[in-house]
Every structure is written in structure tokens, then in C-alpha cells.
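Summary of structural features
Listed here are the chains, written in short residue letters.
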Amino acid sequence: MAAIPALLTIEALHQGYRAGAFTAGEVAAAVLARIAACPDQAIWLAVASPAELQAQVAGLPPGGPDDRYPLWGVPVGVKDNIDCAGFPTTAACPEFSYRPAADATVVARLRAAGALIVGKTNLDQFATGLNGTRSPYGAPRSVFSADHISGGSSSGSGVAVARGQVAVALGTDTAGSGRVPAAFNNVVGIKPTKGLLPVTGVVPACRSLDCVSVFAASVAEGDRVRRILEGPDGQDAYARRGTPCGLPAAGWRVGVPRPDQREFYGDEAYAALFEQTIARVAGLGATIVAIDFAPFAEAAKLLYGGPWVAERLAAIADFFAAHEAAVDPSVRAIIGRGRTISAVEAFRGAYALAELQARATAEWAGMDALLLPTAPTIYTVAALQADPLLLNVRLGHYTNFVNLLD
């Protein structure tokens, strides 16, 4: 058997399968061995047994990967707020746990494409947070430093891909949960346009804003999986088909915040890296356009500072009423604020968002793409736990606006 790559990719696995370098059964066994040997045991909340995973291998269509089975033999992790038949769904809250009778639509589509479902990954409880420390099952750490946060809420999914335990993992992204963990672990997080991937079988965070996201080793592979999973399923009322948006063949106009609007909370290293990134994009032939980032930043503040926290309460209202004490203190503080928000405030928030949308649209008239840092800085686990609400808000400075502004 040839060596199975340290960082798993769809392409490397399929090349190995076609060449006879290793089998799907050998890959499955190697994946489970990596998970068992990993020093970070907070990544997974449930893992298939060797017999269960080998049963999935035995059920693969004969012939290996092809166009009909584009994920044949590819090990995949699933964030534990997405239903997977055979595994409990906990949303990182033991008292909330249930066993789904069926797969979420996106998981069913993974299986139909030939993927091997390895298990369920850890998350910030009820997908409320961008840091990865809000779980009673422990806090996964960045692959680069055991002292630093992994990012959330899809913490386990980002780290599992980065550690070579799976080639692909599903997350969700309401505020940045599919992008921040990717950034902090040097993998790619694809956050599709809202509604492109059905959320049937996904525990809601903010139902009108939720997206299923994809973690992978590259943009190409993440986008390949996104294409496999997208499309209405007839059950998700928010699902829709995408409208392609063309880009110019040359002369890209790439927007960046004005220098006075770039926020890094004192992290000079992050600020310098963003300057280098702007220079690299300009070197690829783009025209850099300084835009007014204010409407985007103001919209970002609405997600946790506006009436949308009431939607988080709506998602689990009955459970929260009966089991509030079982909820992580930071998550409880956020969701509990939903009780104080009136319908009048909700309408005022909607009006404010419409005004910000109009201002943001005006900025888009001058650019073809928007280039931003994923996060303005990174924190240690200790720092985040000492100031969990403020530092978490900071992590969403450049991501929270995206779903609100569609």
C-alpha cells in the first residue's frame, strides 16, 4: 500500500484509487487511526466504528470514482447540527440530543455521490459563536497552536480537514462559521449564497440567514462539493437556485476598505498581511478600489446587536424554555436576549438593514469583487474564555454582514 496523503484531497484519493495505490477500506482504517491518535480529542463528537465505516465501504458502487460518483471513497465529516442517520444530533448540547430518522438533504447528497460519512464534528453550541470554545465537549484548537482558538462555530469541521482526518467537512455559516475556522486552520471555507444548499435537516441558528458551508483543502475542491450539494429539495422554503454573475475577463475592480476603515484591534501582523494581500491581488492585474466599508460594518453589528438574536431564540424556543440551565452561559446570554425584543424593534431592524443594503449596493457599483480579511485577529483560548462576548463580536467584523446583505 502506498502512503495515504497527510492532507487528504479528493483528487489525491481518486488518483490513488485508480492507480491501485490503496483501497477505500485502507483509507477508512487510516482515517479512524488518525482520529484515535490525534492529541486534540475535542474535534469529533461521534465517530463511526470500524465495522460501520467498512460497511459503508462495502456499499460503494463497484468500479471506483467516476462522473456518477464524484465523491467515491472520500471521507467526510459533518457538523453536529446537521442530521446524519445513524448518529445523534446534539448541536453540542447533550440535553438537546436526538437521533434523526433520516439524513439532512446535503448529507443524503454526499452519500449518493459516494462519500464515506466518518462522523459528527464539534461546534459552538447551537452554532452560536465564532470561536470554537462554547462546547461542553471541549474546545478544538488551531492546528498551529494548542493555545489558540480553532474558530467557530464549525470548529471540529475546520480542524478535521486541516489535520488530514477527512478530505471534506460540512459546516454551517450564519455569521462566519464556515469561514473563520477555515482561516485559523489554513484550509478553505466555501460559504454559498444563501439558499443555494438546502437546510432541510439542519438545526436552525437564524433560519432566514443559515447556510450550509463546505470545508476542503482548496477552492476548487470545495466548490466541486458545493455544486454536488446545491439545488432546491422541495422541502426547504428558503431554498433557491443561483443566478450566475459574470466577471470581466480582464480589468477586475477589487474593492477594499479605506485605510481608515481597516480594523485589526491592534494586531499589526494581521494588518501587514492584509496589505501584502492587496499588493498581490494588484500584481495579478486587478485595479484596487478603496470603498466606504461603513454600511457593511454597520450591517455586521445588527446580527448580534439587533433583533436577529430573537430569531436564534425562535429556533429553539421550546427547548430553551425547559432547559435554559443546560445551555452554555455565553450562548444563554445571547439567546436569552431574544425575550426582550419586541416586534417594533424587529421592524426597525428591518428598516435599518434595508437602508444599509441600499448604501452597500451603491458601493458595489464601483467594484466586481470585495477583498477582506476573514478575521481581524486571532485569540488564545484563555483570552476568549476571559472575555467571551466582546472578543467573539470582534471575530465577526468582516463576516457577519454577508448573509444579512445577501
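All of these numbers come straight from a predicted model, not from anything done at the bench.

1. Notes on the overall build of the protein
Within the protein one finds 16 helices and 11 strands. Over its C-alpha trace the protein gives a radius of gyration of 21 Å, about what one expects of a compact globule, namely 22 Å for 406 residues. Reported as C-alpha extents along the three principal axes, the dimensions of the protein are approximately 55 × 55 × 45 Å. Looking at the 406 residues of the protein, the share that counts as buried comes to 54%. If you take every contact in the protein between residues at least 6 apart in sequence, the share linking residues at least 24 apart comes to 75%.

2. Re the nonpolar core
Membership of the largest hydrophobic core comes to 59 residues, with the highest contact counts inside it found for Val106, Val107, Leu110 and Leu170. Ranked by the residues each element gives to this core, the list is headed by helix H2 (residues 24-37), at six residues. The residues touching Val106, leaving out its near neighbours within four places in the chain, are Ile82, Leu170, Leu197, Pro198, Val212 and Leu229. If you look at the next biggest cluster of nonpolar residues, it comprises 42 residues, including Phe296, Ala297, Ala300 and Leu395.

3. So, the pairing of strand S2 (residues 75-79)
The element S2 is extensively covered by neighbouring structure, given that five of its five residues are classed as buried. By the alternation rule, side chains of S2 split into Pro75, Gly77 and Lys79 and Val76 and Val78, which are all buried. For the crossover that starts at S2, traverses helix H4 (residues 105-112) and ends in the parallel strand S3 (residues 116-121), the hand is right-handed. One ladder, built from three bridges, connects S2 with strand S6 (residues 168-172); its direction is parallel. Following the sheet pairing, Val78 is matched in S6 by Leu170.

4. Some thoughts on the sheet that holds strand S11 (residues 369-370)
Pairing is parallel across the open sheet formed by three strands, whose spatial order is S10-S9-S11. Among the strands making up the open sheet, the edge pair consists of strand S10 (287-291) and S11. With five bridges connecting them, strand S9 (residues 253-257) and S10 associate as parallel partners. Looking at the pairing, Gly255 lines up with Val289 of S10. Here helix H8 (residues 268-283) sits on the sheet in contact with S9 and S10, set at roughly 165° to S9.

5. Brief notes about the environment of Asp83
Note that Asp83 resides in the loop between S2 and H4. Distance in space between the C-alpha atoms of Asp83 and Leu130 is 21 Å, their sequence separation being 47 residues. Setting aside its immediate chain neighbours within four residues, Asp83 contacts Thr89, Tyr98, Pro100, Ala102, Asp103, Ala104, Val107 and Gly201. For Asp83, the side chain forms a polar contact with the side chain of Thr89, separated by 2.8 Å.

6. Overview of the packing of aromatic side chains
Applying the stated criterion to the full structure yields 13 aromatic pairs. When the ring of Tyr17 is compared with that of Trp72, the centres are 5.3 Å apart and the planes differ by 85°; the resulting orientation is edge-to-face. Taken together, the positions of Tyr17 in helix H1 (residues 10-19) and Trp72 in the loop between helix H3 (50-58) and S2 put the pair 55 residues apart, joining distant regions of the chain. Just as Tyr17 is buried, Trp72 falls in that class too.

Reading the values: the criteria
- Residues numbered from 1 in each chain as written.
- Predicted model: local features only at pLDDT ≥ 70, side-chain atom pairs only at ≥ 80, totals over all residues.
- Heavy atoms only, no water.
- Helix = DSSP H or I, 4+ residues; strand = E, 2+ residues; numbered from the N terminus.
- Rg over C-alpha atoms; globule rule 2.2 N^0.38 Å.
- Buried < 20%, exposed > 50% of the residue type's maximum accessible area, 1.4 Å probe, protein only.
- Contact = heavy atoms within 4.5 Å.
- Core = buried A, V, L, I, M, F, W, Y, C linked by side-chain atoms within 4.5 Å.
- Right-handed = clockwise from strand over helix to strand, strands pointing away.
- Pairing = 2+ DSSP bridges.
- Axes fitted to C-alpha atoms, helices over the stretch in contact; angles between N-to-C directions.
- Polar contact = N/O pair within 3.5 Å; in protein donor to acceptor, adjacent residues only side chain to side chain.
- Phe/Tyr/Trp six-rings, centres within 6.5 Å; stacked < 30°, edge-to-face > 60°.

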